[in-house]
Amino acid sequence: MTQGEDDELDSLVRKRIRALRVAQGWSLEELATRAHVSQSTLSRIENGRRRLALDQLVTLARALDTTLDQLVETASDDVVTSPVIDAAHGLMRWSVKGDPGMSVVRQRMTEPPPDNPSRMRAHPGREWLVVLSGTAILMLGHRRFRIETNQAAEFPTMLPHAIGAEGGPCEILGIFDREARRGHQRDSGTRSAVGDRDWNDSCK
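Nothing here was measured: the structure is a model prediction, and the numbers come from that model.

Student: Whenever I open this one, the nonpolar core confuses me. Can you help?
Tutor: Generally speaking, soluble globular proteins have nonpolar side chains that are buried together. Judged by nonpolar contacts, the single largest core of 16 residues is most densely connected at Val13, Ile17, Leu31, Leu42, Leu57, Leu60 and Leu71. Broken down by secondary-structure element, the contributors of at least two residues to this core are helix H1 (3-23), helix H2 (28-35), helix H3 (39-47) and helix H4 (54-63). Take this core: its biggest share by element is four residues, from H4. In terms of nonpolar packing, the next biggest core, distinct from the first, is built from 13 residues, Leu129, Val131, Phe155 and Cys170 among them.

Student: How should the pairing of strand S9 (residues 170-176) be read in this particular structure?
Tutor: A regular strand places its side chains so that they alternate between the two faces of the sheet. Alternating positions in S9 separate cleanly, Cys170, Ile172, Gly174 and Phe176 being buried on one face and Glu171, Leu173 and Ile175 remaining unburied on the opposite face. Where strand S3 (residues 103-109) and S9 come together, seven bridges link them in antiparallel fashion. Directly across from arginine 106, in S9, lies its bridge partner leucine 173. Two elements, strand S4 (residues 126-133) and S9, share six bridges in a ladder whose sense is antiparallel. The residue of S9 that forms the bridge with serine 133 is glutamate 171.

Student: Help me out: how do you make sense of the pattern of salt bridges in this one?
Tutor: A pair can form between side chains of opposite charge whenever their charged atoms are brought close. Overall, the coordinates contain seven salt bridges when judged by the stated rule. A salt bridge links arginine 144 to glutamate 166; the nearest nitrogen and oxygen atoms lie 3.3 Å apart. Here arginine 144, found in strand S6 (residues 143-147), pairs with glutamate 166, found in the loop between strand S8 (161-165) and S9; they are 22 residues apart in sequence, far enough to count as distant. We classify arginine 144 as exposed; its relative accessible area is 53%. We classify glutamate 166 as partly exposed; its relative accessible area is 24%. We note a salt bridge from arginine 146 to glutamate 148, for which the minimum N-O separation is 2.1 Å. Judged by relative accessible area, which is 48%, arginine 146 ranks as partly exposed. Overall, glutamate 148 belongs to the partly exposed group, its relative accessible area being 30%. Three or more residues are tied together by salt bridges with common partners; here these are Arg144, Arg146, Glu148 and Glu166.

Student: Help me understand the sheet that holds strand S2 (residues 91-95) in this model?
Tutor: Through backbone hydrogen bonds, the strands of a sheet pair up, either in parallel or in antiparallel fashion. Spatial strand order, S1-S2-S3-S9-S4-S7: six strands in an open sheet with antiparallel pairing. The open sheet is flanked by strand S1 (84-86) and strand S7 (152-156), the only strands paired with a single partner. Going from strand to strand, the sheet's axes swing by 20° on average, the running direction of each strand aside. Strand direction decides the pairing type here: S1 and S2, joined by three bridges, are antiparallel. Note on S2: the bridge partner recorded for valine 84 is arginine 93.

Cut-off values and rules
- Residues numbered from 1 in each chain as written.
- Predicted model: local features only at pLDDT ≥ 70, side-chain atom pairs only at ≥ 80, totals over all residues.
- Heavy atoms only, no water.
- Core = buried A, V, L, I, M, F, W, Y, C linked by side-chain atoms within 4.5 Å.
- Buried < 20%, exposed > 50% of the residue type's maximum accessible area, 1.4 Å probe, protein only.
- Helix = DSSP H or I, 4+ residues; strand = E, 2+ residues; numbered from the N terminus.
- Pairing = 2+ DSSP bridges.
- Salt bridge = Lys/Arg side-chain N within 4 Å of Asp/Glu carboxyl O.
- Axes fitted to C-alpha atoms, helices over the stretch in contact; angles between N-to-C directions.

Here it is in structure tokens:
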């Protein structure tokens, strides 16, 4: 890392400390008390008049309810990303850069979920989804949930589950954690756990 990059990161860390403090609604005195440093020391850290010491950064990160890694993470230029599009399956997929094991998937569905429980899938992990348009039906174990536009559902995927549309097409945005994505990848060759295509195909 060059001297210029060091200076840029130093400035970024100081700005983050102040921004996180302000976001919490804390005064300099309040954060100083939580971090067990003097108010004048904290003020000089935020204003660039005091060297950033590793032990103080660890303490400040803890007081601000974050981690040292997040506090010193370098800024990224690729803020905006485009999805991987699977037109044949009506899917858009985005990988979450901060957690490569997590995926965000957008899918359009037209068919109801399968009636046969043997076509429902179960695997480790959790899933979260929101219905962008239309109405979705989530089959979860022996229960049936109707999810309207702008409603969301979150569930452990160890329960057998399937999802489909009701009364016409619906669009869903789903988030798969690391374990759920692995489960989907293992099931990617199997037949549908949703109406038109396999919801498990969404993470291929």
